[in-house]
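Structural characterization, general
Spelled out, the chains give:
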Amino acid sequence: MNTIDPTNYTYLTSYQAMADFERIARNFSIPNTKTIAIGGSYGGMLAAWMRLTYPGTFDGAFASSASVLYPFEEEYSDTDLYEIVSDDFEECREGIHSAFLSLRELSTSELFANIQDILGLCEAPINQVESNNTIALLQQSLTNVAQLDYPFETNFLFPLPANPVNKACELFAELGGGIAGLRNAASLTLGEKDQCIEVSLEHFHSFAPGLIDGPWAVQRCTDLVMPATVGEGNKMYLSCSEFDQNCFYAGHESQAEFCKAVYGVDEIFPNDETKKNHGGVEQFNDIGNIIFSYGSLDIWSGAGRVQNDERAAELDLIWIEGGAHHADLRGANEADPPSFAQARARETEIIGGWLA
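Everything quoted here is computed from the prediction, not taken from an experiment.

When helices and strands are counted, the chain shows 13 helices and four strands. Relative to the compact-globule value of 21 Å for 356 residues, the chain shows a C-alpha radius of gyration of 21 Å, a close match. When the backbone C-alpha atoms are referred to their principal axes, the chain occupies close to 70 × 45 × 35 Å. The buried share among the 356 residues of the chain stands at 53%. Summarising the internal contacts of the chain: among those between residues at least 6 apart in sequence, 70% fall at separations of at least 24. Working note: accessible area of the chain is about 15500 Å², and carbon and sulfur atoms make up 49% of it. Taken as two groups, the 19 positive and 52 negative side-chain charges of the chain have centres that lie 6 Å from each other.

In structure tokens:
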């Protein structure tokens, strides 16, 4: 992990980012034209929030795979993300779950050299905390594969083949499953085993889903805390009752402790403050002119999927069958299913109506 000087990130908040974008948009605006905010993932969150916060500047917003509901417990369960990952890996999830149980047993038995050998770590874990954190390392790897489960090759974050979840299941089976198969599947993002994995195993939460060391990780500790817990009955990962570290709030190292130790953040930004500043479904609906799009394979859709009900009557909600994370914002590809082109055509039509 990088060494972070908290004083360098005084203005690193979503509120400041929105204010900066608003000023840029306002200063470069052309009379009698309209401005539309467009983004995916965190960019999609900002786009929706900017429409809500600065409606006089942004006439509409297109938010793809935007996790805008994560602060609202009544709208979002912190077990949703890992349930979606499990569904994506339906073909081999039971075998993967069994392999994680075996890895947990090696950790409990403190067979650190065995873990190093099977996983191809450059250095063996030095205690059970670190050996347990190898579970988090592999979870993050497979979760990243699910996040990027596009039907075409991509170099976004990692160089991955088309349909990487299917490929991961093939790699898992190639070595007969088990921990070796788990490591083989994770090679898609961790590299081949002949190149040892150089990684710090000190903190479990450094392997949280979607966490990228540096400024983004700092924001995940402050105003963009997105809880993820493995719920009971998850068919792929170890549930809270099987492995308490997979409980976001009750694990051996809480998110707050991780944020303090690594980034010098004294406390997690309260969700109530986020609710007040960013609003929920009713507020988005009241302002209108927002497109929310999500895909059936998108692991982050649970934290943002606005339901098609009376509270969202003024919103445009687009569901993309077979779509992974902000698939509609990626360039058209001959491997795209029809749902991708249909979503893009509908989004273009709606934005065209706003601009007319």
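This brings us to the nonpolar core. Membership of the largest hydrophobic core comes to 91 residues, with the highest contact counts inside it found for Trp49, Val68, Phe89, Ile96, Phe100, Leu142 and Phe292. Sequence-distant contacts of Val68, that is, excluding residues within four places in its chain, are made with Met45, Ala48, Trp49, Phe284, Phe292, Tyr294, Ala303 and Gly304. The next biggest cluster of nonpolar side chains, apart from the first, holds ten residues, and it includes Ala217, Cys221, Cys259 and Val262.

Moving on, we come to the pairing of strand E2 (residues 60-64). It is a general feature of regular strands that their side chains alternate between the two faces of the sheet. Burial of E2 is extensive: five of the five residues sit out of reach of the surface. Side chains Gly60, Phe62 and Ser64 project from E2 onto one buried face, and the interleaved Ala61 and Ala63 project onto a second face that is buried too. Regarding the hand of the β-α-β motif, the stretch spanning strand E1 (residues 36-40), helix H2 (residues 42-53) and E2 is right-handed. With four bridges joining them, E2 and strand E3 (residues 290-295) adopt parallel strand pairing.

All right, on to the state of the cysteines then. What the rule picks out here adds up to four disulfides. With its sulfur 2.1 Å from that of its partner, Cys240 forms a disulfide with Cys247. Per residue, the accessibility class of Cys240 equals that of Cys247, and both read buried. Along the chain, the cysteines engaged in disulfide bonds are linked according to the scheme 1-3, 2-4, 5-8, 6-7 when indexed in sequence order.

The next subject is the packing of aromatic side chains. Evaluation of the coordinates by the stated rule reveals eight aromatic pairs. Look at Phe258 and Tyr263: their rings are 5.8 Å apart centre to centre, the planes differ by 85°, and that puts the pair in the edge-to-face class. Taken as a pair, Phe258 and Tyr263 share a single burial class, namely buried. Note on Phe292 and Tyr294: the rings are 6.5 Å apart at their centroids and 10° apart in plane angle, and the pair reads as stacked. Each member of the pair, Phe292 as well as Tyr294, carries the same accessibility label: buried. Three or more aromatic residues joined by ring pairs form one cluster here, namely Tyr82, Phe100 and Tyr237. In this structure, Arg330 packs its charged tip against the face of Tyr150, placed 4.9 Å from the ring centre.

For the largest pocket, the calculated volume is near 750 Å³. If you go around the largest pocket, you meet 32 residues; those closest to its centre are Gln140, Asn144, Gly210, Leu211 and Ile212. Those elements that place two or more of their residues in the lining of the largest pocket are H2, helix H6 (128-147), helix H8 (178-190) and helix H9 (215-221). When residues of the lining of the largest pocket are assigned to their parent elements, the largest contribution, five residues, is made by H6. Tallied by class, residues from the lining of the largest pocket come to 16 nonpolar, 13 polar and three charged. The computed volume of the second largest pocket comes to approximately 170 Å³. Along its surface, the second largest pocket is lined by Leu121, Cys122, Glu123, Ala124, Ile126, Glu130, Ile197, Glu198, Val199, Ser200 and Leu201. Residues belonging to the lining of the second largest pocket are distributed by class as follows: seven nonpolar, one polar and three charged.

Let us look at helix H13 (residues 338-355). With 18 residues, H13 extends 26 Å between its outermost C-alpha atoms, agreeing within 8% with the 26 Å of an ideal straight helix rising 1.5 Å per residue. Within the sequence span of H13, burial applies to Ser339, Phe340, Ala343, Arg344, Glu347, Ile350, Ile351 and Trp354. Looking straight down H13, one finds its buried side chains confined to an arc of 130°; they lie on one side. For H13, the exposed residues set more than 90 degrees away from the buried face come down to Pro338, Gln342, Thr348 and Glu349. Where H13 is buried, its residues contact E1, E2, E3 and strand E4 (316-320).

Next up on the list: empty space enclosed by the protein. Summed over the entire model, instances satisfying the criterion amount to three cavities of 30 Å³ or more. Lining the largest cavity are 16 residues, and of these Tyr82, Phe204, His205, Pro209 and Ala228 sit closest to its centre. Residues of the lining of the largest cavity, tallied by class, amount to ten nonpolar, five polar and one charged.

Glancing now at the packing of helix H5 (residues 112-119) against H6. Their axes nearest at 10 Å, the elements H5 and H6 cross at an angle of 25°. For the element pair H5 / H6, the angle class is roughly parallel. Crossing geometry of H5 relative to H6 is assigned as left-handed. Contacts between H5 and H6 pair Phe112, Ile115 and Leu119 from the former with Gln128, Ser131, Thr134 and Leu138 from the latter.

The contact between H6 and H8 brings their axes to 9 Å, and the two run at 60°. The handedness of the crossing between H6 and H8 is left-handed. In contact with Leu137, Leu138, Ser141, Leu142, Asn144 and Val145 of H6, H8 contributes Leu182, Ala185, Ala186, Leu188, Thr189 and Leu190. Residue composition of the contact of H6 with H8, by class: nine nonpolar, three polar and no charged.

Each value, and the rule that gives it
Numbering of residues starts from 1 in each chain and follows the order in which that chain's sequence is written. It should be noted that, the model being predicted, local features are given only for residues of pLDDT at least 70 and side-chain atom pairs only at 80 or more, the latter also being counted only at that level, while totals for whole chains, interfaces and linings use all residues. No hydrogens and no water enter the side-chain calculation; it runs on all heavy atoms of the structure. Strands are runs of DSSP state E lasting at least 2 residues, helices are runs of H or I lasting at least 4, and numbering of each runs from the N terminus. For a compact globule the rule gives 2.2 Å times the number of residues to the power 0.38, and the radius of gyration it is set against comes from C-alpha atoms. Only protein chains enter the calculation, and the probe is 1.4 Å; a residue is then buried if its accessible area is under 20% of its type maximum, exposed if over 50%, and partly exposed in between. The contact criterion used throughout is that any non-hydrogen atoms of two residues lie within 4.5 Å. Values of accessible area rely on a 1.4 Å probe in the Shrake-Rupley scheme; residue burial ignores everything except the protein chains shown. Charged-residue counts in this description rest on Lys and Arg as positive and Asp and Glu as negative, His and the chain ends being excluded. Working definition for charges: the position is that of NZ of Lys, CZ of Arg, CG of Asp or CD of Glu. Buried Ala, Val, Leu, Ile, Met, Phe, Trp, Tyr and Cys residues that are joined via side-chain atoms within 4.5 Å together make up what is termed a nonpolar core. If the strands point away from the viewer and the path from the first strand over the helix to the second runs clockwise, then the crossover is right-handed. DSSP-based pairing: two strands are paired if at least 2 bridges between them are found. Counting rule for disulfides: a pair of cysteine sulfur atoms within 2.5 Å. Here a Phe, Tyr or Trp ring, Trp counted by its six-membered ring, pairs with any other such ring whose centre lies within 6.5 Å, and the pair is stacked when the planes are under 30 degrees apart, edge-to-face when over 60, and tilted otherwise. In our convention, an over-ring charge means Lys NZ or Arg CZ found within 6 Å of a ring centre and within 35 degrees of that ring's normal. Cavity means a closed set of points on a 1 Å grid over the protein atoms alone, one where a 1.4 Å probe fits but cannot get out, pocket means an open set with protein on both sides within 12 Å along at least 5 of 7 lines, and lining means a residue has an atom within 4 Å of a point. Grid points are joined across faces, edges and corners, and a volume is the space filled by probe spheres set on the points. As a working rule, the residues Ala, Val, Leu, Ile, Met, Phe, Trp, Tyr, Cys and Pro are called nonpolar, Asp, Glu, Lys and Arg charged, and the rest polar, with Gly in that last group. Here the expected span of a helix is defined as 1.5 Å times the quantity of residues minus one. The directions considered for the arc run from the helix axis to the C-beta atoms. An axis is simply a line fitted to the C-alpha atoms; with a helix, the fit covers only the stretch in contact. Between two such axes, the angle follows the N-to-C directions and lies from 0 to 180 degrees. When describing relative orientation, an angle under 35 degrees is termed roughly parallel and one over 145 degrees roughly antiparallel, while 65 to 115 degrees is termed roughly perpendicular and anything else oblique. Two helices cross in a left-handed way if the nearer one is turned anticlockwise from the farther one by less than a right angle. They cross in a right-handed way if the turn is clockwise.

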